[in-house]
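Report on the structure
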Amino acid sequence: MSGLPDSPSYEEDETLAKLQQALDDATGVDMRAALEGAIEDRKAEIRRNARDARHAD
């Protein structure tokens, strides 16, 4: 099953990919928590940008 047609694509975001790679490589609990927060923030930004783009059409 694929996502909704208007759902943002996280796979294409280079910043998110780099954050995910850093999370995969992180060992410290504090570092992992900070990276998880940054990933969630980036996903929220991608969703906002996608929503704004739809409303601009």
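Up top is the structure these notes are about.
Quick caveat: nothing in here was measured; it's all calculated off a predicted structure.

**Overview of the side chain of aspartate 13**
Checked against the element boundaries, aspartate 13 lands in the segment before α1 (14–25). Residue class for aspartate 13 comes out buried when judged on its relative accessible area of 12%. Side chain to side chain, aspartate 13 and arginine 42 meet in a polar contact 2.5 Å long.

**As for the environment of threonine 15**
If you trace the backbone, threonine 15 turns up in helix α1. Residue classification places threonine 15 among the partly exposed positions, given a relative accessible area of 41%. Between the C-alpha atoms of threonine 15 and isoleucine 39, which are 24 residues apart in sequence, the distance is 9.0 Å.

Cut-offs and rules
- Residues numbered from 1 in each chain as written.
- Predicted model: local features only at pLDDT ≥ 70, side-chain atom pairs only at ≥ 80, totals over all residues.
- Heavy atoms only, no water.
- Helix = DSSP H or I, 4+ residues; strand = E, 2+ residues; numbered from the N terminus.
- Buried < 20%, exposed > 50% of the residue type's maximum accessible area, 1.4 Å probe, protein only.
- Polar contact = N/O pair within 3.5 Å; in protein donor to acceptor, adjacent residues only side chain to side chain.

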